[in-house]
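# Remarks on the overall topology
Listed below are the residues making up each chain.
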Amino acid sequence: MSKQDIRVGHSVWVYAKIFDSDREVEKWSERNFGARGGNTMLLGKVKEMISSTDFVVYFPYDSTEMEVGKKHIHVLTDSYEIWQRHFVRKIPKGQRSRAEAAVSSGTDSGSDDEIEQEEGEEQEEMDSSNPITSASNVLPWVFEPILEDPRSVMYPSIKPKLRCGELQYNDSSVDTSLIWILFTKYFPIAFAEECIIPQTNLAAELDDEWTSPLTIGEFLTFLGAICFMICYPLGGSRRRYWHWMGDEIFPAANLGRFIQWRRFELICKYLTLGNNGLPNDKLRYWREWLLAVKTCFQCALIPGRNIILDESMIRNKNFKAADCVIYIRRKPEPWGHELWTVVDKESGICTNFELNEGKEITRQLKYFAEFGATTATTLRLLEPYFESHRLVFIDSWFQSVKTATELKRRGLDSLGVVKTAHKNYPREDLEARCMNEAGAVASAHVNIMIM
């Protein structure tokens, strides 16, 4: 395809060096992709034609749009596929993309993932007509040493990037301190001003002790007191943070310098995070709040090349105050709210999450009808990163042949641990080769045609 044929919707690539500025000491490509970052190929899609020589290209790896001249655009047709950083390798025309799954198995002394595995197994019962999931289908696994995974060099190493421009901070002032800058990125202050504060004032207006309305400044002071209690637990009643006189090691907290104890208790009593008005929604009082926080986490950081999909727990034993409190025996904090989370591997910062609301709600969510619980959850969490060619490290609850295939279909590679969700894996052959010998390893691979 010639450059004369460039149209809206075409998949293209450009060299990162075209975005470098001569006025910058450290060039943009080197800052994001390393010493030879200028030759890194950035994948994108033509979104708009400005003129016959200029186009708007959308780059999914950081969700940005840039104006690019025709001379810098290289079109990816059906006959090409990017395999390495610095060249394009031609493959037979019409050949479909393939998802290669590799498995290595050794002896595992025990599996502690029995809890909730029922949902993981449930996905394997879905869509028996699918050649990937059909019980009658036996995948042609080939047992041979795997020297190197070609996906490790297929795409460039992208570094995580905070969406706040150039950090210019000075800890001598609150407004310019690094902690405050990060706080404003991850905390939905606008939601607090527009929703939480008005609804809290409305809930408390009939109380005679509520002598003045809650303001954003007082609300942030209230949050600061809570954070202090989490970091420095004294035990016993919350009132101790106002009246405890300290000891020979730790000084008194004396939170009365910032907010009076009775005022703090009144805010705790009437604090309202939201109400969507749906009586059958067990999260109706804080679903809007969760969505606001989730949006902040999604927008604050562009994750790097490697991301992690796992489970996390938020400790909570107060069954009357909130729904979705569950017990998972194997967790360090067994009581609380379970979150499925996406984390940037290099920085360890969470970039997306979803609350486990139970089977009934999960069955109503996107992708469930087609793929079942675990694959559907995986796709929902990673949807913002489709076609970005990132590598996802996946927990055993999420990983399966079907999950790896669907992620590859959507432009993501995956690497995960297989325990009980082993359908379509050569489990018996692996066990026969390892013979329960400590440290024994067997490796196999299979190519799956993506339709």
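Here is a short report on the structure shown in this document. These figures come from a predicted structure and were not determined experimentally.

## Description of the sheet that holds strand E1 (residues 11–15)
In spatial order, the strands read E4-E3-E2-E1-E5; together these 5 strands make up an open sheet with antiparallel pairing. Of all strands in the sheet, those with a lone pairing partner are strand E4 (64–69) and strand E5 (74–75), marking the two edges. Pairing of strand E2 (residues 41–49) with strand E3 (residues 54–59), which is carried by 4 bridges, proceeds in the antiparallel orientation. Residue pairing for E3: Val46 is matched across the bridge by Val57.

## Focus: helix H5 (residues 216–231)
In this model, H5 (16 residues) spans 23 Å end to end at C-alpha, consistent with the 22 Å of a helix rising 1.5 Å per residue. Of the residues making up H5, those classed as buried are Glu218, Phe219, Phe222, Leu223, Ala225 and Met229. Relative to the axis of H5, the buried residues are bounded by an arc of 155° and lie together on one face. Check the buried side of H5 and you find it contacts helix H3 (178–186), helix H4 (189–204), helix H6 (240–243) and helix H7 (261–270).

## Considerations on the pairing of E2
Along any regular strand the residues' side chains alternate between the sheet's two faces. Where E1 and E2 come together, 5 bridges link them in antiparallel fashion. When the bridges of E2 are listed, Val12 appears paired with Gly44. Linking two consecutive strands that pair antiparallel, namely E2 and E3, is a turn of 4 residues.

## Here's the deal with the pattern of salt bridges
In this structure the tally under the stated criterion is 10 salt bridges. Between Lys366 and Glu383 there is a salt bridge, and its shortest N-O distance comes to 2.6 Å. Of this pair, Lys366 sits in the loop between helix H9 (359–362) and helix H10 (368–371) while Glu383 sits in the loop between helix H11 (373–382) and strand E16 (391–394); the two residues are 17 residues apart in sequence, bridging distant segments of the chain. In this structure Lys366 comes out as partly exposed when scored by relative accessible area, which is 46%. Using a relative accessible area of 30% as the deciding quantity, one classes Glu383 as partly exposed. With a shortest N-O distance of 3.1 Å, Glu406 and Arg409 are connected by a salt bridge. Here the residue Glu406 and the residue Arg409 both occupy positions in helix H12 (residues 401–409), the gap between them amounting to 3 residues, near one helical turn.

What counts and how
- Residues numbered from 1 in each chain as written.
- Predicted model: local features only at pLDDT ≥ 70, side-chain atom pairs only at ≥ 80, totals over all residues.
- Heavy atoms only, no water.
- Pairing = 2+ DSSP bridges.
- Helix = DSSP H or I, 4+ residues; strand = E, 2+ residues; numbered from the N terminus.
- Expected span 1.5 Å × (residues − 1).
- Buried < 20%, exposed > 50% of the residue type's maximum accessible area, 1.4 Å probe, protein only.
- Arc of directions from axis to C-beta.
- Contact = heavy atoms within 4.5 Å.
- Salt bridge = Lys/Arg side-chain N within 4 Å of Asp/Glu carboxyl O.

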